[in-house]
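Spelled out, the chains give:
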Amino acid sequence: MSLRRLGANIRSIHTQTPAYPGHIQLNAFENAFLAVGSAVVSLMNPYRADLIAALGETTAGSSLPKLRDIMLANPEGRQILKDRPRINTRTVDMDALARLPANTWGRTYINWLERTGVTPDSREPVHYINDPELAYVMQRYRECHDLYHCITNFSVNVESELAVKYFEFANLGLPLAAISAIGGPLRILSNAKKRDRLFSEYVPWALKTGSTSRCLISVYWEKRWEQDVEELRRELGIVDSPARWPKSKKTLDVDSDASFNLANSNPGPGSGSQSGNETDNTSHAPGTVPPIG
Amino acid sequence: MSLLCSGAIRQSATRKWASRTFIRCTSSYSDRDQKTTSFGFKTIPAHEKESMVKNVFDSVASNYDLMNDAMSLGVHRLWKDEFVSSLKPGRRGPMRCIDVAGGTGDIALRLLDFAREKYADRETSVEVVDINAQMLKEGHRRFKQTMYHNTPQVSFHEANAQELPVEKFIDNSYDLYTIAFGIRNCTSIPDVLKEAYRVLKPGATFACLEFNKVTNPLLGPIYDQYSFSVIPLLGTLLTGDRASYQYLVESIRKFPSQPEFAQMIRDAGFVTGKDIDGAAWNNLWGGVACIHTGVKV
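Quantities reported herein were computed from a predicted structural model and do not represent experimental measurements.

Let us look at the packing of aromatic side chains. Here the structure, examined in full by the defined rule, presents 24 aromatic pairs over all chains. Linked through ring pairs, Trp105(A), Tyr109(A), Tyr141(A), Tyr148(A), Trp221(A) and Trp225(A) together constitute an aromatic cluster. Against the face of Trp245(A) rests Arg115(A), its NZ or CZ located 4.0 Å from the ring centre. A cation over a ring is seen here: Lys296(B) above Tyr197(B), with NZ or CZ 4.6 Å from the ring centre.

Attention shifts here to the UniProt feature "binding site: S-adenosyl-L-methionine" (unreviewed entry) in chain B. Residues and elements named next belong to chain B. Feature annotation in UniProt assigns "binding site: S-adenosyl-L-methionine" (unreviewed entry) to the following positions: Thr104, Asp130, Asn160 and Ala161. The annotated residues named above include Thr104, Asp130, Asn160 and Ala161 as those lining the largest cavity. For Asn160, the location among the structural elements is in the loop between β5 (154–158) and β6 (174–180). Here Gln162 takes part through its backbone nitrogen, which lies 2.9 Å from a polar atom of the side chain of Asn160. Topologically, Ala161 is positioned in the loop between β5 and β6.

What follows covers a nonpolar patch on the surface. Residues and elements named next belong to chain A. Taken together, the side chains of Val36, Val40 and Met44 make up a nonpolar region of the molecular surface, amounting to roughly 310 Å² of accessible area. Note that Val40 resides in helix α2 (residues 28–44). Residue Val40 is classed as partly exposed on the basis of its relative accessible area, which comes to 44%.

Attention now goes to the environment of Phe199(A). Residues and elements named next belong to chain A. Within the secondary structure, Phe199 is located in helix α11 (residues 192–212). A sequence separation of 37 residues divides Phe199 from Leu162, and the C-alpha atoms of the two residues are 9.9 Å apart. For Phe199, the residues in contact, after removing those within four places along its chain, are Tyr166, Pro185 and Pro204.

Next up on the list: the nonpolar core. Grouped together as the largest cluster of nonpolar side chains are 60 residues, with contacts concentrated most on Leu64(A), Trp105(A), Leu216(A), Ile217(A) and Trp221(A). Sorting the residues of this core by element identifies α4 (63–72), α5 (75–83), α6 (94–98), α7 (105–116), α8 (132–151), α9 (158–172), α11 and α12 (229–236) of chain A as the ones contributing at least two each. With 11 residues, the single largest contributor to this core is α8(A). Setting aside residues no more than four positions away along its own chain, Leu216(A) makes contact with Tyr148(A), Ile151(A), Phe167(A), Asn171(A), Leu172(A), Trp221(A), Leu236(A) and Ile238(A). In terms of nonpolar packing, the next biggest core, distinct from the first, is built from 32 residues, Ala108(B), Phe114(B), Leu209(B) and Ile252(B) among them.

Basis of the calculations
Residues numbered from 1 in each chain as written. Chains lettered and ligands numbered in written order. Predicted model: local features only at pLDDT ≥ 70, side-chain atom pairs only at ≥ 80, totals over all residues. Heavy atoms only, no water. Phe/Tyr/Trp six-rings, centres within 6.5 Å; stacked < 30°, edge-to-face > 60°. Lys NZ or Arg CZ within 6 Å of the ring centre and 35° of its normal. UniProt positions renumbered as here; feature names shortened; annotations may be inferred. 1 Å grid on protein atoms, 1.4 Å probe; cavity = no way out; pocket = protein on both sides within 12 Å on 5 of 7 lines; lining within 4 Å. Helix = DSSP H or I, 4+ residues; strand = E, 2+ residues; numbered from the N terminus. Polar contact = N/O pair within 3.5 Å; in protein donor to acceptor, adjacent residues only side chain to side chain. Patch = residues over 30% accessible without salt bridge, like charges linked within 9 Å, V, L, I, M, F, W, Y side chains within 5 Å. Areas by Shrake-Rupley, 256 points an atom, 1.4 Å probe, with all protein chains shown as cover. Salt bridge = Lys/Arg side-chain N within 4 Å of Asp/Glu carboxyl O. Buried < 20%, exposed > 50% of the residue type's maximum accessible area, 1.4 Å probe, protein only. Contact = heavy atoms within 4.5 Å. Core = buried A, V, L, I, M, F, W, Y, C linked by side-chain atoms within 4.5 Å.

See the structure below:
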């Protein structure tokens, strides 16, 4: 390593000027340390959504510039980069969406949020990406994760979350999706029913659809709330989702492993991970972690 | 007429501008007069430091021991053992000790164990004082696992080291005052030293274990890199709180050097050894940690 590179790797003990609020600059050693550390700790404690987020950011590498270029190549994506919209309960008018007709994308999203008990708020902000525009792309991905769940019609139990991860890997190419896709199933190795459903039905569909459909990072979801959801799905190339939902909201899926969650397979502070995870029981308050067992 | 008016207007406008500028000048004077202190590398008004430090320790309290082990790779235990054995509590009979900023009770426990094991002393007592209730709760919880729980040998008090309440902490009443890894978090070190001087008996010892300056040119940079790279990341990984650990490593750099601190101890009225390593202070691990002692005469 040249002396100059060595110099750049040395942590200065003086405070650094952040490129955007919340920005923490890491050198190569720290990046690697955080990547490995967050992988280990989040595998041990899947409720640490902030570490899953850190894992995603430290391993993003060249995938973010690629996604940004995909956005730049598409007029809708360019508009997103210009506007930099955020998705949370303050920026999205939930009440207005709830009043839309039942077949619209907006109403489908609200229904999905209610069924899973997830909230779009409390996504961990991006810290470890140096370029502000790429940091926005990462933030956008994190906030759109729920929308990807919704458009593919997957719920938030373990096998559904993993299916979405496989889909994301095929569609967006983020290393974190691959890491979760590999690490996640370790948690359900014991549950044969879930494993089978995941690998025989969900994964083949997810990989095929993810790779043939349009790259979802460049979709301006907020401008399509009134669009018919089936038409939207056809337009994007996401059809015939094999996802299966529990019969009723109050039914406890006894097969699902109640002890951990989807935070393990989450890009960011888990969309579903924090609340709907462990089982398909969505009767607990959104945004809270359900008790174990 | 109009000229006069406009003149008058201009004059009053000028006066207003001048008075505004004057006010701005005086308020910046008073800003300069307002005491500021350091919070890590940031400069903040002195009156805010206490609550900011409180927030740091509220958030680290439950994981404090885990973090100490992770950051120092367990070495902090060796430092604390060395600190307590150099003080030899109980050698000249039972002592009344006060351990300040001792929240989680590491030093208190070692003092009592040392007296009991080396000198069969079950009368030595330690009063653990800390400004942070969360830390004291952790200490109390830890002591429940020992034989000293519910005995007069240990007690816990919430108080500010800079102004210990006079009714509870009487002048000239303690044989040993210890403060380990706490003094750099206090807003005014001279005030802490003054209180220490007040409550100690004549002939009693003041002892402080604290992180200090590493002057060794090989060890120094490595230590800096480790502090500023690894420790905040360990904070992120283990507790999700980078900012508190960033504060901790920065506050170490802002602490006075070994001779400066020895002088501050003398200024409070204590007598110390000469300003060399081994006399007024004792460096551990090249200065990463350091034991300063003084005696009240």
